[in-house]
Amino acid sequence: MEGENPSLTPEPGTLYVVATPIGNLADLTERARSILEKASLIACEDTRTTGSLLSKIGIKNRLQSYHDNNERQAAVRIADALVAGESVALVSDAGTPAISDPGFRLTRECHKRDLPVVPVPGPSAASALLSASGLPSDGYLFVGFLPPKSAARRRFLEAHIDFPYSITLYESCHRIEKFVAEMLDILGEDRCICLGRELTKKFETITTGTIGAISESFKSSSKKGEFTIVIAPRKFSL
Ligand code: SAM
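Please read these numbers as outputs of a predicted model, since none were measured by experiment. Within any chain, residue numbers begin from 1 and follow the written order of that chain's sequence. Confidence filtering applies because this is a predicted model: local features only for residues at pLDDT of at least 70, side-chain atom pairs given and counted only at 80 or more, and all residues used for totals across whole chains, interfaces and linings. No hydrogens and no water enter the side-chain calculation; it runs on all heavy atoms of the structure.

J.: Any chance you could explain the environment of Phe104 here in plain terms?
T.: With respect to the helices and strands, Phe104 occurs in helix α4 (residues 104-112). Relative accessibility thresholds used throughout: buried, under 20% of the residue-type maximum; exposed, over 50%; partly exposed, between the two (1.4 Å probe, protein chains only). Assessed through its relative accessible area of 46%, Phe104 is described here as partly exposed. Contact between two residues is taken to exist if any of their heavy atoms lie within 4.5 Å; hydrogens are not considered. Residues in contact with Phe104, not counting those within four places in the same chain, are Tyr66, Glu71 and Ala98. By the criteria applied, helices consist of DSSP H or I runs no shorter than four residues and strands consist of E runs no shorter than two, each listed in order from the N terminus.

J.: Looking at this structure, how should I read the sheet that holds strand β2 (residues 41-44)?
T.: Sheet strands pair by backbone hydrogen bonding; their relative direction is either parallel or antiparallel. Any two strands with at least two DSSP-identified bridges between them are counted as paired. One open sheet holds the five strands; their spatial order is β3-β2-β4-β1-β5, and the pairing between them is parallel. Each of the sheet's edge strands pairs with one partner strand only, and the pair in question is β3 (63-65) and β5 (117-120). Taking each pair of neighbouring strands and ignoring which way they run, the sheet shows an average axis angle of 25°. Here strand β1 (residues 15-18) pairs with β5 via four bridges, running parallel. Looking at β5, one finds that Leu15 is bridged to Val117. Structural elements are reduced to axes, namely lines fitted to C-alpha atoms, with helices fitted over the stretch in contact, and the angle between N-to-C directions of any two is expressed from 0 to 180 degrees. Together, β1, β2, β4 (88-90) and β5 form the strand contacts of helix α1 (residues 30-38), whose direction differs from that of β5 by roughly 130°. The strands that helix α3 (residues 71-83) touches are β1, β2, β3 and β4; relative to β3, the one it contacts most, it runs at about 145°.

Any functional reading would require information beyond the geometric quantities listed.
This is how it looks when you write it as structure tokens:
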């Protein structure tokens, strides 16, 4: 279309790393929608999840699975398709691909082959919560998911007790209660944290306060859904 923004049209041989909503469909950007529609192929974590997103936004396109269990082989196959002139949109189930999600092996394979990799930025739970947390956010450490074993999580907290920047991490709803108790035990009741639950969704809750206060109120609040946490540096107080 004459006058259309060229960044809305995928170039052959280019990988687009496309962020998708983490709960609120309206967070899909115009550029993400256009690339998902016009790319010759969408590489996705779960074809049912991405199929359902596409049908909600009225788009049909070819899907190829690219997930934790086939990442190595799929990265080579997709890079081959790019060399053959296809344009590929990479998505994960929600949020930004390669951020605690599959993606790194494919972007690395593309860089090895000098294929262009273009980010189409948008939602990510970590940056969404940090931006709204009220905690220091000029610099931060993002660690994704801590190990599932309690001893390893405790070691991480002990090693970072005096870390001078905020720390952002993901935690599963099955472990969140235990992790709050571990933070209380190791970081102490006066350390400030922000707990984000169900960001951008109907039951979004964002609570910033001391671990002492949050662990107390958490006893009577829902532990269902998706959680992201920001831990403030030791010297910070609200
Ligand atoms: N790549 C994704 C991103 O950019 O946000 C993160 C993928 S990671 C596999 C999924 C984890 O992110 C969840 O277990 C949860 O800790 C966090 N998360 C995702 N969506 C969330 C939401 N709506 N609210 C709070 N945390 C969320």
